[in-house]
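These are the residues of each chain, in order.
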Amino acid sequence: MIEFYKNGGFFMHPVFLLGILTLVFNILHLKEKEKDYSGVVKWLLIATFFLGILGTTVGFYEAGIYVKQWTTAKIGKSIGIAVITTAFAAFWCTINAILYSMSLRPSRKAKA
């Protein structure tokens, strides 16, 4: 797991931090019904996924610049960094979107 994180490049750090921050706000949103964190959670989800896409773009750009100078192994590593960053952002967004959707369900008390 640590190799996966290290191979993802620089953008793994902000994606990880935003994923954890979104998770914290999701838990607060589920526990504290009087405070509405839905706007914060939505924007953090968007920011997390955007940073994953940005990491992908940087990885592909780097591979494209050096395509004539690098060996196949270096180009493959750069493309791998791009794919890993997007997958990591998608992981955090999926987990947090599922948690957020749990808070949108009407409670049983409201139906009674």
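Structure shown above.
In this text, all values refer to a predicted model and were calculated from it rather than measured experimentally.

## A word on the overall build of the protein chain
Next, step 1: A count of helical and extended segments in the protein chain gives five helices and zero strands.
Next, step 2: Along its sequence from the N terminus, the protein chain presents helices and strands in the succession α-α-α-α-α.
Next, step 3: The C-alpha radius of gyration of the protein chain comes to 18 Å, more than 25% above the 13 Å expected for a compact globule of 112 residues.
Next, step 4: Taken along its principal axes, the extent of the C-alpha atoms in the protein chain is 70 × 25 × 20 Å.
Next, step 5: For the protein chain, buried positions account for 32% of its 112 residues.
Next, step 6: Sequence separation of 24 or more characterises 70% of the internal contacts of the protein chain that already satisfy a separation of 6 or more.
Next, step 7: For the protein chain, the accessible surface area stands at approximately 7,600 Å², while carbon and sulfur atoms represent 71% of it.
Next, step 8: In the protein chain, the 12 positive side-chain charges and the 5 negative ones have mean positions that sit 7 Å from each other.

## Here we look at the side chain of threonine 22
Next, step 1: Structurally, threonine 22 is set in helix 2 (residues 12-31).
Next, step 2: The class of threonine 22 is buried, set by a relative accessible area of 0%.
Next, step 3: For threonine 22, the side chain forms a polar contact with the main-chain oxygen of leucine 18, separated by 2.6 Å.
Next, step 4: Aside from chain neighbours lying at most four places away, what touches threonine 22 is Val41, Leu44, Leu45, Thr48 and Asn96.

## Some remarks on the environment of phenylalanine 11
Next, step 1: Mapped onto the fold, phenylalanine 11 is located in the loop between helix 1 (2-7) and helix 2.
Next, step 2: Once the C-alpha coordinates of phenylalanine 11 and isoleucine 79 are considered, the two residues, 68 residues apart in sequence, prove to be 14 Å apart.

## Looking at the nonpolar core
Next, step 1: The biggest cluster of nonpolar side chains holds ten residues, and these are Phe11, Met12, Val15, Leu18, Leu44, Leu51, Ile84, Phe88, Ala89 and Trp92.
Next, step 2: Only helix 2, helix 3 (38-65) and helix 4 (72-104) provide two or more residues apiece to this core.
Next, step 3: If near-sequence neighbours (up to four positions away) are discounted, phenylalanine 88 is found in contact with Phe4, Tyr5, Met12, Val15 and Phe16.
Next, step 4: Counting five residues, the second-largest nonpolar core is a separate cluster that includes Val41, Leu45, Cys93 and Tyr100.

## A few points about the packing of aromatic side chains
Next, step 1: Taken as a whole and assessed by the stated rule, the structure comprises six aromatic pairs.
Next, step 2: Each ring, one from phenylalanine 16 and one from tryptophan 92, has its centre 6.0 Å from the other, and the planes form 70°; the classification is edge-to-face. Within this pair, whereas phenylalanine 16 is found in helix 2, its partner tryptophan 92 is found in helix 4, the two being separated by 76 residues in sequence.
Next, step 3: Classification of phenylalanine 16 as partly exposed rests on a relative accessible area of 32%.
Next, step 4: Taken together, the aromatic side chains of Phe16, Phe88, Phe91 and Trp92 make up a single cluster linked through ring pairs.

## Re the packing of helix 2 against helix 4
Next, step 1: Where helix 2 contacts helix 4, the axes come no closer than 9 Å and their chain directions differ by 5°. In terms of axis orientation, helix 2 runs roughly parallel to helix 4. Across the interface between the two elements, Met12, Val15, Phe16, Gly19, Ile20, Thr22, Leu23, Asn26, His29 and Leu30 of helix 2 pack against Ile84, Thr85, Phe88, Ala89, Trp92, Asn96, Leu99, Tyr100, Met102 and Ser103 of helix 4.
Next, step 2: Split into classes, the residues belonging to the contact of helix 2 with helix 4 amount to 13 nonpolar, seven polar and no charged.

Criteria and cut-off values
- Residues numbered from 1 in each chain as written.
- Predicted model: local features only at pLDDT ≥ 70, side-chain atom pairs only at ≥ 80, totals over all residues.
- Heavy atoms only, no water.
- Helix = DSSP H or I, 4+ residues; strand = E, 2+ residues; numbered from the N terminus.
- Rg over C-alpha atoms; globule rule 2.2 N^0.38 Å.
- Buried < 20%, exposed > 50% of the residue type's maximum accessible area, 1.4 Å probe, protein only.
- Contact = heavy atoms within 4.5 Å.
- Areas by Shrake-Rupley, 256 points an atom, 1.4 Å probe, with all protein chains shown as cover.
- Lys, Arg positive; Asp, Glu negative; His and termini not counted.
- Charge placed at Lys NZ, Arg CZ, Asp CG, Glu CD.
- Polar contact = N/O pair within 3.5 Å; in protein donor to acceptor, adjacent residues only side chain to side chain.
- Core = buried A, V, L, I, M, F, W, Y, C linked by side-chain atoms within 4.5 Å.
- Phe/Tyr/Trp six-rings, centres within 6.5 Å; stacked < 30°, edge-to-face > 60°.
- Axes fitted to C-alpha atoms, helices over the stretch in contact; angles between N-to-C directions.
- Parallel < 35°, antiparallel > 145°, perpendicular 65-115°, else oblique.
- Nonpolar A, V, L, I, M, F, W, Y, C, P; charged D, E, K, R; others polar.

No statement about biological role is implied by the geometric values presented.
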